[in-house]
Amino acid sequence: MIYTVTLNPAIDYVVSLDAFHPGEVNRSASDYKEAGGKGINVSRVLDRFDVSTTALGFIGGFTGKYITDYLTDMNIEHDFVSLQQDTRINVKLKAAGEESEVNGVSPTIDEEAYQTFIAKLEQLKEGDIVVLAGSLPSSLPSDTYKEIVAMLKQKGVMTILDTSGTPLTEALKASPAFVKPNHHELAELFDTEVKNDADVVTLAKRLHEEQQIDHVLISMAKDGAIYVGTGGVMKLSAPQGTAVNSVGAGDSAVAGFIYGWQSLENAEAAAKYAVASGSATAFSKTLCTKEEVEALLPTVSIEHI
Ligand SMILES: Nc1ncnc2c1ncn2[C@@H]1O[C@H](COP(=O)(O)OP(=O)(O)O)[C@@H](O)[C@H]1O
Ligand SMILES: O=P(O)(O)OC[C@H]1O[C@](O)(COP(=O)(O)O)[C@@H](O)[C@@H]1O
């Protein structure tokens, strides 16, 4: 069974305007809301690929109810721990060809809620897959993902991690099986500049070899991705197209990799599916469909480095 963990979910409130004028009253040309947060998006995309998951994490208040109702309507299993405080709202602003984001403040996770969540993870078994994705609520210590990865690995559970900053640095010490930082997050991780593909390969190799991560996929938005792992070293081009809404592109890439890996057990095919999925989401208003991904697959080229 695949589980996604979103410790800090969100309603994504996506607002489009022709132009944004700070300090003035602005009116949306269009807006809509979606259940978001990285693990939840992975569940949503895998559902579109006909792969069942159970979404775990913390949810609270009327915003949390919006998310659980949304998932229930989609027939996506979920088993969140309930909080009193509201789940956050993240604002995604699209104006004059630019995308800006204001991600909200997380509710507080108290010890009792955290232990209830850990008790759910304790039930998982060898062969299960867990996707840990997104920021940590500020009330949880920065080594939370590290502790969870270590605990799950002891049970024979495959762990996949998509986060950034100190929680990522810490969790790498527990060697999750697959990580997908983008190139900015990779640079931040090593406190350096990433100027070209060679720099990306050098740092991704360090993650694979020194931190013993089986699969490292560095996503680079319109420049595709670089894979370093048990499947070798390769650069994947992104399909050409017009970016409509790139919110969820990274999450779609994570879902695409899992889908490709599960169905084919081949890292090259999985990385290709990841890139096609990310791009299909970037080119559409919302998350990709399987048909959109498969239409783009032949346009992803791979160069072995
Ligand atoms: N403008 C774009 N054009 C084509 N593909 C894109 C674009 N933006 C994102 N993608 C696709 O989505 C994947 C993930 O995007 P990226 O922006 O790197 O992730 P994140 O959202 O985690 O920062 C990329 O590897 C690429 O395949
Ligand atoms: O937990 P974080 O890092 O604040 O990110 C949450 C945001 O990321 C998203 O999951 C989108 O992520 P990507 O664009 O990286 O795929 C949104 O749905 C959500 O608002």
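Residues numbered from 1 in each chain as written. Chains lettered and ligands numbered in written order. Predicted model: local features only at pLDDT ≥ 70, side-chain atom pairs only at ≥ 80, totals over all residues. Heavy atoms only, no water.

Points about helix α4 (residues 144–154)
1) Next: Taken residue by residue, α4 has T144, Y145, I148, V149, M151 and L152 as its buried positions. In a view along the axis of α4, the buried residues occupy a sector of 165 degrees, so they form one face of it.
2) Next: Residues of α4 that are buried in the fold lie against α3 (111–122), β9 (129–133), β10 (158–162) and α5 (165–172).
3) Next: One or two steps after α4, the chain reaches G156, where phi turns positive at roughly 85 degrees. (Buried < 20%, exposed > 50% of the residue type's maximum accessible area, 1.4 Å probe, protein only. Helix = DSSP H or I, 4+ residues; strand = E, 2+ residues; numbered from the N terminus. Arc of directions from axis to C-beta. Contact = heavy atoms within 4.5 Å.)

Here we look at the environment of F283
1) Next: Along the chain, F283 turns up in the loop between α9 (267–282) and α10 (290–296).
2) Next: Considered as a pair, F283 and F20 are 263 residues apart in the sequence and their alpha carbons are 22 Å apart.
3) Next: Dropping the residues within four chain positions of it, F283 is found in contact with P239, Q240, G241, T242, A243, V244 and L296.

Some thoughts on the packing of α3 against α4
1) Next: Running from amino to carboxyl end, α3 crosses α4 at an angle of 25 degrees, the nearest separation of the two axes being 11 Å. In this view, α3 runs roughly parallel relative to α4, as classed from their interaxial angle. Remark: the crossing between α3 and α4 carries right-handed chirality. The residues of α4 that touch α3, namely those facing Y114, F117, I118, L121 and E122, are T144, I148, M151 and L152.
2) Next: Of the residues assigned to the contact of α3 with α4, the class counts are seven nonpolar, one polar and one charged. (Axes fitted to C-alpha atoms, helices over the stretch in contact; angles between N-to-C directions. Parallel < 35°, antiparallel > 145°, perpendicular 65-115°, else oblique. Left-handed = near helix turned anticlockwise from the far one by under 90°. Nonpolar A, V, L, I, M, F, W, Y, C, P; charged D, E, K, R; others polar.)

Side note on the site of ligand 2
1) Next: Around ligand 2, 17 residues are found, and the nearest of them are D12, N90, S135, G248 and D251.
2) Next: Within the side chain of S135, one N or O atom sits 2.8 Å away from an oxygen atom of ligand 2.
3) Next: The contact in question runs from an oxygen atom of ligand 2 to an N or O atom on the backbone of G248, over 2.8 Å.
4) Next: Taken by itself ligand 2 offers 490 Å² of open surface, and the protein chains cover 85% of this.
5) Next: The residue inventory of the shell around ligand 2, partitioned by class, reads two nonpolar, ten polar and five charged. (Near = heavy atom within 4 Å. Polar contact = N/O pair within 3.5 Å; in protein donor to acceptor, adjacent residues only side chain to side chain. Areas by Shrake-Rupley, 256 points an atom, 1.4 Å probe, with all protein chains shown as cover.)

Topic: the site of ligand 1
1) Next: In the vicinity of ligand 1 lie 17 residues, with N182, S219, A221, G224 and S279 positioned nearest.
2) Next: S219 places a side-chain nitrogen or oxygen 2.8 Å from an oxygen atom of ligand 1.
3) Next: Between A221 and ligand 1, the recorded distance is 2.8 Å, taken from a backbone N or O atom to an oxygen atom.
4) Next: Looking at the shell around ligand 1, the element that brings in the most residues is α9, giving four residues.
5) Next: Here the shell around ligand 1 is composed, by residue class, of nine nonpolar, six polar and two charged.

Some remarks on the packing of helix α8 (residues 249–264) against α9
1) Next: Packing of α8 against α9 brings their axes to within 7 Å, and their N-to-C directions diverge by 150 degrees. Classified by the angle their axes make, α8 and α9 are roughly antiparallel. Helix-helix and strand crossings are classified by hand; for α8 and α9 the assignment is right-handed. When α8 is examined against α9, the residues A249, S252, A253, G256, F257, Y259, G260, W261 and L264 are found in contact with a partner set consisting of A267, A269, A270, A271, Y273, A274, S277, G278 and T281.
2) Next: Of the residues assigned to the contact of α8 with α9, the class counts are twelve nonpolar, six polar and no charged.

Read these as spatial facts, not as claims about activity.
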